[in-house]
Amino acid sequence: MEYRSAVDEIRFHLRHGGGFARVGRTERFAGATEDVVEAVLQGAARLCDGVLAPLNRVGDLHPARLENGTVRTPPGFAEGFRAIAGGGWIGLSADPAHGGQGLPLTVETAVNEMMAGACMALQLNPLLTQGQIAALEHHAEPRIRSLYLPKLVSGEWSGTMNLTEPQAGSDLGALRTRAERAADGAYRITGQKIFITWGDSDFMANTCHLVLARLPGAPAGTRGISLFLVPKFIPDAAGRPGRPNSLRVAGLEHKMGIHGAPTCVMDYDAATGWLIGAENGGMAAMFTMMNAARLAVGVQGVGIAEAALQKAEAYAAGRIQQGPILRHPDVRRMLACARAELFAARAIALDCAAALDLARAEGPDVHAAKAAFLTPVAKSFGTEVGLRVCETAMQVFGGAGYVEQTGIAQHYRDVRITAIYEGTNGIQAMDLVGRKLADGGEAAFRLIEEVEAEAEAARSALPDMAGPVWAAAESLREATEELLSRTAAERSAGAHPFLMAFARVLGAGSHLRAARADAARAPMARVYVGRLLPLHAAHLAEVRAGPDDLEAVRIGPEAP
Ligand SMILES: Cc1cc2nc3c(=O)[nH]c(=O)nc-3n(C[C@H](O)[C@H](O)[C@H](O)COP(=O)(O)OP(=O)(O)OC[C@H]3O[C@@H](n4cnc5c(N)ncnc54)[C@H](O)[C@@H]3O)c2cc1C
């Protein structure tokens, strides 16, 4: 079964989902007409289905490797990357002033899903570059912007994100990489970063690293971190990659999945870098990149889920065990629930992207708060759905899924990292119940009201679904109010189930909206509302359980 980008599904979400119709009506995105968006989706599908998808298995079988200090990429990846760059797919939403196409981020997000479903290992390269473009657009000084952005947008150069160190994973405040001011106005960066995705390759003229480091005397923790742009080759006066910088790839990781993507240990030895944003203000600048990447990683979960589910649906139609297995209720249950969850995850991701577009087009106020709230939800729920759908797809394949030839095992291995990197899903949930509720729940309540409005609108046409959706939204409101009055420890214990409950309720709103727009969507909405939405109640019970039972239990090596 060959991968087919889910153009019809994506088009439906863009037409009938929450925010995108409004994005197209703004002055800023007036160019994103239906015809333009359709042409973009069709062009992206040709790239993904015809060029990138065939590389997926090649990357798995021929992992990136380090040869005399040079990263060698899998056969065909260089050509695949050139097709991505040449088609202008990296800079879809980037500023036209630097060669970007200025299209809505929602369209870029849809295309990213297609690319991730086709070949996630390769897609990680443009994903990180897109994040770097966003960070430089917002925080770099004009000289850096005009030098670097056109190269990054065109794909001549690529961008990476260097946060993690052996002792500093989720806790970035513990990072030790040092930066010192130099006489020439630049900085010298020294230290080791680990797990750096696409830290180098054999097909890129230059690789530009955004590196978090500490200046002498900087405050402890995250308030003492600065951000630096550290290119592999220091550009000369004409902007060509000039002399090599003092950095190197010290090793590559052997991983469970995404074999085609090099995951590098990077050594910086007084490497030359330029400050991005303010001294000690590195986290704010890096958050621009991280937020872009968090949404994009959520969408990787959606893309891989789509790819795995397509395979499972086709297999179930052809596999005969007392008739096609597709006719067995248990197999139908697995496939229908997977489709319904995938629909919800895609809706949340595209709604988050649309809110970001509206914040850019109409001003930040309400839209920015909505996007900020939805970002950890889109990241965590998208990747959890990715994991679950791959697991389901393997179950549908039976033993054939556990052997490598069918490709399900690779999806299962590849998707696993999405719940871990870009801030683990646990960290996303902590962000949701901490920073994202710091407005007294305003953004949360507004989203809950959107779902309730959906339920009200569906009350006469779809009463069997409208009632449960409205009730679920109300119970989420009560739980949110309760959570707001809890201590930080109590909130943390309920963080992950709270995020999942929120996502389930939002997903129900999107299904209801779809069923109102198109009666043919009602059966899938019924599967979601009847079988998956009720899980929100279990999640909320866990939210209310608090931390005491967890504290009382003895875990592993803990002393009695
Ligand atoms: C393939 C791959 C690619 C990667 N690419 C990049 C990259 O390009 N750039 C980069 O900088 N990094 C990258 N990373 C690193 C990745 O972002 C980290 O692995 C991730 O942030 C988690 O950090 P950690 O592995 O140190 O886990 P830890 O921080 O040790 O976490 C372990 C567990 O403890 C939990 N935990 C930790 N702290 C808390 C807390 N305060 N509250 C609740 N739970 C907590 C976590 O949720 C997790 O379940 C990559 C990693 C991999 C494996």
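Each remark here, short or long, concerns the structure printed above.
Everything quoted here is computed from the prediction, not taken from an experiment. (Residues numbered from 1 in each chain as written. Predicted model: local features only at pLDDT ≥ 70, side-chain atom pairs only at ≥ 80, totals over all residues. Heavy atoms only, no water.)

Caption draft 1: Molecular detail of the overall build of the protein. Looking only at helices and strands, the protein has 19 helices and eleven strands in total. Per-residue burial over the protein gives 57% buried out of 560 residues. A total accessible area of about 21,800 Å² is found for the protein, and carbon and sulfur atoms account for 54% of it. For the protein, the centre of its 55 positive side-chain charges and the centre of its 61 negative side-chain charges are spaced 3 Å apart. (Helix = DSSP H or I, 4+ residues; strand = E, 2+ residues; numbered from the N terminus. Buried < 20%, exposed > 50% of the residue type's maximum accessible area, 1.4 Å probe, protein only. Areas by Shrake-Rupley, 256 points an atom, 1.4 Å probe, with all protein chains shown as cover. Lys, Arg positive; Asp, Glu negative; His and termini not counted. Charge placed at Lys NZ, Arg CZ, Asp CG, Glu CD.)

Caption draft 2: Seen up close, helix α7 (residues 282–318). For α7, with 37 residues, the first-to-last C-alpha span of 54 Å sits near the 54 Å given by 1.5 Å per residue. Taken as a whole, α7 carries its principal kink of about 25° at Thr288. For α7, the tally of buried residues reaches 27 of 37 residues, placing the bulk of the element in the interior. (Expected span 1.5 Å × (residues − 1). Bend = angle between axes of the 7 residues up to and from the residue.)

Caption draft 3: Up close: the pattern of salt bridges. Following the criterion strictly, the structure yields 42 salt bridges and no others. Linking Glu279 and Arg181 is a salt bridge whose minimum nitrogen-to-oxygen distance equals 2.7 Å. Pair noted here: Glu279 is in the loop between β11 (263–276) and α7 and Arg181 is in strand β4 (residues 178–181), with a separation of 98 residues, a long-range link. When its relative accessible area of 31% is taken as the criterion, Glu279 is described as partly exposed. Here the salt bridges do not stand alone but share partners, grouping Glu113, Glu306, Glu313, Arg339 and Arg346 into one network. (Salt bridge = Lys/Arg side-chain N within 4 Å of Asp/Glu carboxyl O.)

Caption draft 4: Molecular detail of unusual backbone geometry. The phi torsion at Asn68 lies on the positive side, around 50°, for a residue other than glycine. Within the secondary structure layout, Asn68 lies in the loop between β1 (65–67) and β2 (70–72). Residue Asn68 is classed as exposed on the basis of its relative accessible area of 82%. Here the phi dihedral of Asn280 falls at roughly 65°; this positive angle occurs in a residue that is not glycine.

Caption draft 5: Representation of helix α6 (residues 142–154) in the model. Spanning 13 residues, α6 covers 18 Å between terminal C-alpha atoms, matching the ideal 18 Å at 1.5 Å per step. The largest bend in α6 comes to about 35°, at Tyr148, with the proline Pro150 one to four residues further on. Residues Ile144, Tyr148, Leu149, Lys151, Leu152 and Val153 constitute the buried set of α6. On its buried side, α6 packs onto α5 (105–139), β3 (157–162), β6 (206–213), β7 (226–231), β8 (233–235) and β11. (Contact = heavy atoms within 4.5 Å.)

Caption draft 6: Structural detail: the site of the ligand. Residues in close proximity to the ligand total 18 residues, the closest being Thr164, Ser170, Phe195, Thr197 and Thr424. In the model, a nitrogen atom of the ligand is placed 2.7 Å from a nitrogen or oxygen of the Met161 main chain. One of the side-chain N or O atoms of Thr197 is found 2.7 Å from a nitrogen atom in the ligand. Considered on its own, the ligand offers 970 Å² of accessible surface; in the complex 63% of this is hidden by protein. Residue assignment for the shell around the ligand shows that the elements contributing at least two residues are β3, β5 (187–197) and α12 (425–433). Looking at the shell around the ligand residue by residue, the classes come out as nine nonpolar, seven polar and two charged. (Near = heavy atom within 4 Å. Polar contact = N/O pair within 3.5 Å; in protein donor to acceptor, adjacent residues only side chain to side chain. Nonpolar A, V, L, I, M, F, W, Y, C, P; charged D, E, K, R; others polar.)

Caption draft 7: Highlighting the side chain of Arg346. Topologically, Arg346 is positioned in helix α8 (residues 329–362). Apart from residues lying up to four places away in sequence, Arg346 is in contact with Ala6, Glu9, Ile10, His13, Glu113, Val302 and Glu306.

Caption draft 8: Seen up close, the packing of aromatic side chains. Taken as a whole and assessed by the stated rule, the structure comprises nine aromatic pairs. Between Tyr187 and Phe228, the aromatic rings sit 5.0 Å apart at their centres with planes inclined by 55°, giving tilted as the arrangement. A residue pair is termed long-range when its members are at least 10 positions apart, and Tyr187 in strand β5 and Phe228 in strand β7 qualify at 41 residues. Neither Tyr187 nor Phe228 differs from the other in exposure class; each is buried. Here Phe498 and Phe502 contribute two aromatic rings whose centre-to-centre distance is 5.7 Å and whose plane-to-plane angle is 70°, an arrangement assigned as edge-to-face. Here Phe502 and Phe498 lie together in helix α16 (residues 495–517), a separation of four residues that amounts to about one turn. Overall, Phe498 belongs to the buried group, its relative accessible area being 0%. (Phe/Tyr/Trp six-rings, centres within 6.5 Å; stacked < 30°, edge-to-face > 60°.)

Caption draft 9: Fine view of a negative patch on the surface. Together, Glu542, Asp548, Asp549, Glu551 and Glu558 line one region of the surface with negative charge. The dominant element in the negative patch, judged by the number of residues it contributes, is helix α19 (residues 548–552), at three residues. Note that Asp548 resides in helix α19. (Patch = residues over 30% accessible without salt bridge, like charges linked within 9 Å, V, L, I, M, F, W, Y side chains within 5 Å.)

Caption draft 10: Fine view of the environment of His367. You can see His367 is positioned in helix α9 (residues 365–397). The spacing of His367 and Tyr268 is 99 residues in sequence and 39 Å in space, taken between C-alpha atoms. In contact with His367, not counting residues within four places along its chain, are Arg22, Ala355, Leu358, Ala359 and Glu362. Here Glu362 takes part through its side chain, which lies 2.9 Å from a polar atom of the side chain of His367.

Caption draft 11: Spatial organisation of the pairing of β6. Across the eight residues of β6, eight count as buried, placing the element largely inside the fold. Here β6 shows no split at all, with Asn206, Cys208, Leu210 and Leu212 on one side and Thr207, His209, Val211 and Ala213 on the other all buried. Two elements, β3 and β6, share six bridges in a ladder whose sense is parallel. Counterpart to Asn162 in the pairing with β6 is Val211. Pairing between β6 and β7: six bridges, direction antiparallel. Across the sheet, the residue bridging to Val211 is Phe228, located in β7. (Pairing = 2+ DSSP bridges.)

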